[in-house]
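Listed below are the residues making up each chain.
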Amino acid sequence: MVQQKRILYEHLDVPNINTFDVYRQHDGYKRFEKAIAEYQPDDVSKMVMDSGLKGRGGAGFSTGLKWSFVPKDIEPRYLCCNADESEPGTFSNRYVLEKNPHLLIEGILICCYAMGIETTYVYIRGEFTLGKKMLDAALEEAYEQGYLGENIKDSGINVNIYSHPGAGAYICGEETGLIESLEGKRGQPRNKPPFPAVEGVFMKPTVVQNVETLCNLPFIVDKGVEWYTEMGPIYGDARFDPPKPDPNTGTKLYCISGDVNEPGVYELELGLTCSELIEVAGGLRGEEVKAVIPGGSSAPILTHYELDTRLDFTSLTLAKSMLGSGGIIVMNETRNIVDCLLNIMKFYAHESCGQCTPCRWGTPWVRDIVQRIADGEGRQEKITRPKFGIAEGGRWGDTGETEEIYEDLDLLESVANNIANVDTMTWNTICVFGIAVSWPAVSYMRKFRPEFEATIREGKLTTLSVEEATVPPEENYAFQQRIIPKEMSELG
Amino acid sequence: MAFIKLNDLEIEVEDGTNIVEAARQNGIEVPHYCYHPGLTRPANCRMCLIETYGTPPGAPPGTIAPDRQLATGCTTTVRTAPPERKYEEKFDAIIRTDSPRVVKAREDILEFLLVHHPLDCPVCDQAGECDLQDFSHRHGRDKSRYVEVKNVPPKKDLGPDVLLYSTRCIVCTRCVRFCQEVSGTGELGLINRGSHDEIDIPRSHEGNPIQVLDNKLAGNVVDICPVGALISKDFLFKSRPWFMDKEDSICTGCSVGCNITVEYKEDGVYRVKPRFHEDINQHWMCDDGRLGYHYVNRDDRLQLPLKKVDDEQTTTQWADAINTIKEKLGEVEAEDIVVIGSAQGTNEDNYVLQQFAHDVLNTTQLGLFGQLPGEEHKYPQFTIESDKNPNTAGARTILGSANGNVVLEGEDLWQKVASAKVVYLVSGVPDRKLQDEEKAALENVEFLIVQDVLPSEITELADVVLPGTTFAEKDGTFTNSTGWVQRIRKTVDPPGEAQVDWQITQQLAKQLGSEINYSFAGEISIAISENVQGYEEATHQNIGDAGVKLA
Ligand SMILES: Cc1cc2nc3c(=O)[nH]c(=O)nc-3n(C[C@H](O)[C@H](O)[C@H](O)COP(=O)(O)O)c2cc1C
Ligand code: SF4
Ligand code: SF4
Ligand code: SF4
């Protein structure tokens with residue numbers, strides 16, 4: 001049985017860990033003190049780079065690399081802590097804020113030290129009123145204790161942290177939407193480039209980092225790169241010769257919800273399989289796994305054939321899904337996938353910021369199509385179109401044959417792909433919200449096409465058995481195209 | 001200059017040019033909605049997608065392939081690359097606007113743009129000059145696949161002249177950006193989110209306006225709205241755009257001299273729109289200028305000469321009016337005559353007038369009349385000037401050109417008028433109110449000749465009224481406050497027997513035995529260029545559409 005590896009969450013349940021005194025008793029701020037006493041700022045950045053830490057907020061971008069893009073000669077620079085946690089199925093940042101806010105402050109201090117940043121904004125999801133209250137109280141204590149403000153502990157370092165509540169928009173979790181909102185404007189993502197690292201808050205270089213990402217920093221500084229990189233797989237990117245190391249190091253705060261017996265946040269080393277994770281969370285509630293969302297509602301769904309996929313950044317990407325925010329939603333045999341997709345599409349149609357044409361009008365269109373199908377009003381007409389499958393040479397592609405498909409399913413797929421194309425990974429939108437819409441839409445429909453077809457055919461929401469509802473592996477585009485990465489150790 | 005390959009063309013463009021403009025300069029259309037050259041570029045409509053080429057990461061040097069993502073043409077700029085970064089050893093960029101991916105992307109975006117659109121072109125003012133119609137026709141698919149319910153956001157009254165048909169809005173935010181960036185007044189914003197985005201003015205919870213779209217530049221939002229969402233009440237349901245003729249001209253509302261297009265039919269002027277001039281008005285004009293044309297169409301325009309008989313003005317024939325004037329002029333000495341030109345008149349009008357004064361009447365007593373000064377309005381990217389005449393600078397120089405530059409204005413003028421026997425006042429100023437001293441002075445004149453376009457306090461005092469013409473009815477030039485000489489062009493015919501002002505003056509001159517004999521305004525401009533210092537280049541031919549700046 002896989003054990004939890006509690007590092008970020010080690011002291012989460014210690015009574016009163018949210019207070020300075022108790023936090024201090026548990027090594028609080030000593031990691032920061034160690035950083036400024038023993039390392040130069042650049043040493044800290046190098047450690048972060050070497051640790052292989054990848055952003056935990058969704059994109060999984062190398063934190064060290066992101067820091068290296070920040071021009072050091074432009075003042076001021078800012079840190080934005082992304083605490084807008086709104087991805088459905090994700091709730092790990094919230095516990096940090098509510099229960100152990102000093103850990104976040106310490107993480108911020110280390111980042112500020114490494115990057116020479118004096119001002120940090122923590123953008124907190126508006127609904128997190130308790131989280132904001134707890135963080136604000138901790139900030140006050142930290143100021144009182146001299147860990148924030150001017151000339152912290154006589155080190156000459158100045159850091160100020162401001163907490164800022166969001167106003168209830170998912171898109172303000174997207175880093176540039178967040179920045180716009182922070183600046184007092186409508187939360188609408190910016191065109192990139194320039195990236196925030198170069199032009200962020202008030203058009204100055206800005207590091208945007210998720211709560212969980214920042215909470216990793218005290219431990220990397222304290223226990224070192226070697227210790228850190230022992231956790232989680234380091235794959236070899238075989239496109240390069242010799243293979244380039246692709247670290248998926250550290251732990252992840254997996255948020256497990258849905259049909260498991262013990263839903264909650266589990267801190268585990270990266271790289272466990274989906275099945276293992278379900279076991280950790282008390283096992284499946286119900287008879288059979290029908291589907292798993294591996295990385296928040298935006299992530300393409302996995303069928304029960306794909307449960308051996310390792311839940312880390314690289315493996316999931318190569319399985320045509322993503323680890324995203326680490327929000328894992330398990331569905332058992334009673335769930336209807338059409339209904340699930342409807343639920344998710346209602347969310348996205350409501351949350352599109354409305355800036356770009358395809359997303360603004362495409363997302364509600366997708367929702368309406370799914371709604372119509374779920375209402376039993378899917379059109380019975382079918383169309384004929386080229387059939388994709390295992391083509392000549394054993395690779396996925398146009399088979400040269402044709403297939404019949406309900407007009408509405410073709411439409412659903414096509415409209416979603418016109419917002420952002422999941423096959424070519426190209427999007428006609430400003431931000432990747434577009435792909436967060438088409439990923440679920442297309443993957444649910446393709447992987448559980450029989451259930452969609454049955455619902456249209458029967459004229460009412462129809463739940464099939466797991467076996468009947470799922471397309472077989474040989475017809476599953478993702479399963480057929482997935483690549484299972486090899487660890488460096490295996491590559492020799 | 002950057003050297004780029006655009007589709008199959010090899011072209012040079014200025015560094016920093018974006019692809020929409022680079023293509024436009026070379027006759028290629030890159031459809032777009034949110035991009036407007038006078039505003040910032042949010043790249044939100046996603047209509048101008050293009051295919052850029054580069055060397056894929058990891059590929060051997062020299063490899064050229066389309067980049068994975070399409071780029072927005074409005075935000076993709078080209079500049080000269082260092083030699084080692086050139087493609088095919090010469091191009092600074094390689095771009096396609098016609099690849100299958102681009103073509104498909106355009107079709108897809110247009111399909112999205114139309115899903116909630118009411119398709120009410122038959123009753124939409126914009127039809128015929130609508131980017132949504134045009135681009136759908138040229139770049140769209142012929143059929144929509146949308147069978148769901150359409151959004152029907154409400155029609156809104158935004159301000160004195162602007163209506164919003166929200167259903168037609170494609171949320172390009174041009175109007176919002178205009179009010180932020182150019183007028184700086186910020187009345188417009190987006191409310192709601194996503195597919196429920198609506199343009200609106202600030203309102204209370206009950207929906208009552210807190211601020212309305214009434215800044216003096218508001219009308220521009222109607223021009224820049226690429227669809228029929230923002231509509232001018234002034235023009236609402238008046239005409240289909242293709243039924244109107246168009247002529248380039250200059251606004252007469254103030255001394256800025258905004259470049260305009262006058263749209264007209266036989267029965268009058270229908271609409272005035274700004275025309276781009278980089279150094280003067282860019283893309284914009286103000287609402288005073290825009291809505292100021294109505295006087296041209298007024299039913300009470302002066303159409304026949306008037307003559308005072310027994311203190312009553314009655315209409316008369318041109319020949320009689322001119323004869324009456326000729327007789328009167330024969331009775332007085334040159335020093336008893338004052339000739340007053342107009343800052344609303346063209347350089348040509350004023351040139352013939354001063355020639356008449358000097359050569360025929362032998363008087364050096366020339367004055368300048370015009371609209372009273374108004375308010376100056378400064379906006380972040382636009383200023384409306386306080387001098388409400390289009391041609392003060394030109395009239396002043398030209399009236400004074402043979403006179404040692406002595407042109408009477410203000411108090412000096414009215415003093416002179418008060419003691420004159422005959423005054424020939426060319427006004428053409430619509431609805432000019434007289435100040436007390438002006439009125440007193442004019443009442444004192446023994447014989448007052450007024451040349452004007454509308455009945456007014458001034459024409460009431462006149463012994464003879466000569467019906468002149470507005471800017472819409474003649475050719476000529478104006479000189480604005482920054483020294484640009486620009487052309488106005490005839491659109492509609494003058495009402496009744498009204499005549500072009502310089503022609504009236506020329507007729508008078510001829511009656512008095514003069515040789516002055518111009519046959520068209522351009523000929524006068526040649527005379528001006530030969531005789532007026534600074535105007536050497538300012539012939540109609542040179543001025544063209546762009547104007548000539550005085551040295
Ligand atoms: C639609 C959308 C929503 C997002 N929401 C969040 C969020 O709630 N919290 C978060 O940390 N990152 C979110 N992200 C990812 C951020 O854009 C950004 O990548 C992240 O904050 C960077 O921090 P990290 O590198 O530490 O992960 C979102 C991205 C998108 C496109
Ligand atoms: S993709 Fe959607 S959420 Fe992102 S900027 Fe465009 S409209 Fe907004
Ligand atoms: S009203 Fe017109 S200009 Fe304004 S956002 Fe809508 S379409 Fe664009
Ligand atoms: S600024 Fe002056 S010239 Fe320009 S439109 Fe207004 S009144 Fe006319």
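Relevant structure appears above.
So, here is what we can say about the structure in this document. What you are looking at is a predicted structure, and each value in this text was computed from that prediction instead of being measured.

Some thoughts on the nonpolar core
Right, so step 1: Of all hydrophobic cores here, the largest spans 132 residues; its most connected members are F452(A), Y33(B), L188(B) and V221(B).
Right, so step 2: Examining the composition of this core, we find that 9 residues originate from one element, helix α15 (residues 433–447) of chain A, more than from any other.
Right, so step 3: For F452(A), the residues in contact, after removing those within four places along its chain, are I337(A), V338(A), L341(A), I373(A), L409(A), L412(A), Y444(A) and M445(A).
Right, so step 4: Counting residues in hydrophobic clusters, the runner-up holds 61 residues, among them I110(A), A138(A), I161(A) and A197(A).

Observations regarding the sheet that holds strand β16 (residues 268–274) of chain B
All names here are of chain B.
Right, so step 1: Pairing is antiparallel in the open sheet, where 3 strands are placed in the order β14-β15-β16. If you trace the sheet from one side to the other, it starts and ends with β14 (245–250) and β16, each paired once. Direction aside, the axes of adjacent strands within the sheet are offset by 30° on average.
Right, so step 2: Of the pairings in the sheet, the one linking strand β15 (residues 259–265) to β16 comprises 6 bridges and is antiparallel in character.

Brief notes about the interface of chain B and chain A
Right, so step 1: Taken residue by residue, the interface counts 35 residues in chain B and 35 residues in chain A.
Right, so step 2: Overall, the association of chain B and chain A removes approximately 2800 Å² of surface from exposure, summing both partners, and the carbon and sulfur fraction of that is 50%.
Right, so step 3: Considering only the surface of chain B that becomes buried against chain A, F112(B), R145(B) and R193(B) emerge as the three largest contributors, covering 27% of it.
Right, so step 4: The interface formed by chain B and chain A includes 3 salt bridges.
Right, so step 5: A salt bridge links D197(B) to R186(A); the nearest nitrogen and oxygen atoms lie 3.0 Å apart.

Brief notes about the pairing of strand β8 (residues 264–269) of chain A
All names here are of chain A.
Right, so step 1: Among the 6 residues of β8, 5 are classified as buried, and the element is accordingly described as predominantly covered.
Right, so step 2: As paired strands, strand β7 (residues 251–258) and β8 are joined by 6 bridges and run antiparallel to one another. Bridged to I256 within β8 is G264.
Right, so step 3: Adjacent in sequence and paired antiparallel, β7 and β8 are bridged by 5 residues.

Conventions we followed
Residues numbered from 1 in each chain as written. Chains lettered and ligands numbered in written order. Predicted model: local features only at pLDDT ≥ 70, side-chain atom pairs only at ≥ 80, totals over all residues. Heavy atoms only, no water. Core = buried A, V, L, I, M, F, W, Y, C linked by side-chain atoms within 4.5 Å. Buried < 20%, exposed > 50% of the residue type's maximum accessible area, 1.4 Å probe, protein only. Helix = DSSP H or I, 4+ residues; strand = E, 2+ residues; numbered from the N terminus. Contact = heavy atoms within 4.5 Å. Pairing = 2+ DSSP bridges. Axes fitted to C-alpha atoms, helices over the stretch in contact; angles between N-to-C directions. Buried area = accessible area lost by both parts, 1.4 Å probe. Salt bridge = Lys/Arg side-chain N within 4 Å of Asp/Glu carboxyl O.

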